[in-house]
Amino acid sequence: MSSTARDPGSFSSSVQMTDGDDLIVGAVLIDNLLFADGSRRENIPGGAGLYALAGASLFSADPVLVTGTGRDLPQTFGPWMVRNGLTQRGLRFADAHAPRNILQYAADGGRTETPVYGQQHFSRIEPTAADVAGFAETARSLYVFRNTDGFWEGLDTISFARRPLILWEIALDACNEQNRTRVEAILPRVDALSINLDEASRIFALRDEDAIVSHLLHWPVRNIFLRLGARGSYAIANRTATFVPSAKVTAIDVTGGGNAYSGGALIGLSEGRMAREAAIMGTVAASHAISQYGPPETGDPALRAAARQTVLDITSAFEEPAK
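Our subject in this report is the structure included herewith. (Residues numbered from 1 in each chain as written. Predicted model: local features only at pLDDT ≥ 70, side-chain atom pairs only at ≥ 80, totals over all residues. Heavy atoms only, no water.)

**Some remarks on the overall build of the protein**
A count of helical and extended segments in the protein gives 11 helices and 13 strands. Relative to its length of 323 residues, the protein is compact, with a C-alpha radius of gyration of 18 Å against a globular reference of 20 Å. For the protein, the C-alpha atoms occupy an extent of roughly 60 × 45 × 45 Å along the three principal directions. By residue count, 53% of the 323 residues in the protein fall in the buried class. In the protein, once contacts between residues fewer than 6 apart in sequence are set aside, the share between residues at least 24 apart is 69%. (Helix = DSSP H or I, 4+ residues; strand = E, 2+ residues; numbered from the N terminus. Rg over C-alpha atoms; globule rule 2.2 N^0.38 Å. Buried < 20%, exposed > 50% of the residue type's maximum accessible area, 1.4 Å probe, protein only. Contact = heavy atoms within 4.5 Å.)

**Observations regarding the sheet that holds strand S12 (residues 232-237)**
Strand order in this open sheet of nine strands is S5-S4-S1-S8-S9-S10-S11-S12-S13, and the pairing throughout is mixed. Both outer strands of the open sheet, strand S5 (91-95) and strand S13 (240-245), are each paired with one neighbouring strand and no more. This sheet shows a mean twist of 20° between the axes of neighbouring strands, independent of strand direction. Pairing between strand S10 (residues 192-196) and strand S11 (residues 223-227): five bridges, direction parallel. For Ile195, the partnering residue across the bridge sits in S11 and is Leu226. Against the sheet, helix H8 (residues 209-216) touches S11, S12 and S13, its axis set at about 30° to S12. (Pairing = 2+ DSSP bridges. Axes fitted to C-alpha atoms, helices over the stretch in contact; angles between N-to-C directions.)

**Focus: the pairing of strand S9 (residues 165-170)**
Here S9 lies mainly inside the structure; six of its six residues are buried. The alternating pattern of S9 places Leu165, Leu167 and Glu169 and Ile166, Trp168 and Ile170 on opposite faces, both of which are buried. Looking at chain direction, strand S8 (residues 139-146) and S9 are connected through six bridges and run parallel. By the bridge assignment for S9, Tyr143 is matched with Leu167. Handedness of the crossover joining S8 and S9 through helix H5 (residues 151-156) is recorded here as right-handed. Pairing of S9 with S10, which is carried by three bridges, proceeds in the parallel orientation. Across the sheet, Trp168 pairs through a bridge with Leu193, a residue of S10. Assessed by its sense of winding, the connection that carries the chain from S9 through helix H6 (residues 180-186) to S10 is right-handed. (Right-handed = clockwise from strand over helix to strand, strands pointing away.)

**Things to note about the packing of aromatic side chains**
Evaluation of the coordinates by the stated rule reveals seven aromatic pairs. Seen in terms of ring centroids, Phe35 and Tyr293 are 6.3 Å apart; in terms of plane orientation they differ by 65°. Their pairing is edge-to-face. Of this pair, Phe35 sits in the loop between strand S2 (29-34) and strand S3 (40-46) while Tyr293 sits in the loop between helix H10 (275-289) and helix H11 (301-319); the two residues are 258 residues apart in sequence, bridging distant segments of the chain. Linked through ring pairs, Phe35, Tyr105 and Tyr293 together constitute an aromatic cluster. (Phe/Tyr/Trp six-rings, centres within 6.5 Å; stacked < 30°, edge-to-face > 60°.)

**Some details on the pairing of strand S7 (residues 111-115)**
Where strand S6 (residues 100-105) meets S7, five bridges bridge the pair, whose relative direction is antiparallel. Bridging across to S7, Leu103 finds its partner in Glu113. Remark: five residues form the turn of the hairpin made by S6 and S7, two consecutive strands paired antiparallel; Gly109 in that turn has positive phi of roughly 95°.

In short, geometric facts, not functional conclusions.
Structure representation (structure tokens):
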């Protein structure tokens, strides 16, 4: 199945867009959600890749999800992609079934994830550097959801026609003080890092937010997005941290909000926008993601136009002189 071309819309801005594929490199899962009050929701399409794709697709004409999946696509997230006009040309069919996760939420807001088919099945499905290599001629940007495994060495071997902009959303299992050296070794490979406050706290073994921001100001990466959940985020660039508040929205399910943020921010950076405006695009994308269960619908041109206008409105508010 394939999609028709989507109108990317435009901002009232002098930023020049460059043609090419915006690649979303992250796994897609089917989630069964078990809540602390005993309620449950089942067969919800999810995973970092799908939510990042949803965030990117608010602003990109044709983002490409790059991952393995199951041949049961018509029964999993395939219908969502078709409804929203999203291409399936980056999918590799690696098994009969897409991965499934059981997400158990605790009363304190924490959660555990248990793969239904086991880790070996997930390892066959998750995206590889070889999957990315298929887009070496056309890649404009890459969103990568990953830990610090050998994926990065594989990425180094790809001869891209032009170097794509790379945003790394770090996976939680890479975030600990013992792994900090490995994380810092990967940072020079990427143009941006998306990380939440808890993940950064684990890496630096710190709880103080100001101290964490101070450390991030000196990390060897051009742009850092430090996500603070419902409060908003920091856009960190040129050794300056700018706070961007969250958009006002009623949160129904926060699953995937950070991934959607990262997908939106990726498109902002790949269009040449400054970190602050990219963070605003991420914030708008996250607000859509958390307003319902499962990935949001993004194919409606009116909704996409409204998202672009919201970015302009928030950006204008930053630029208004203080009264």
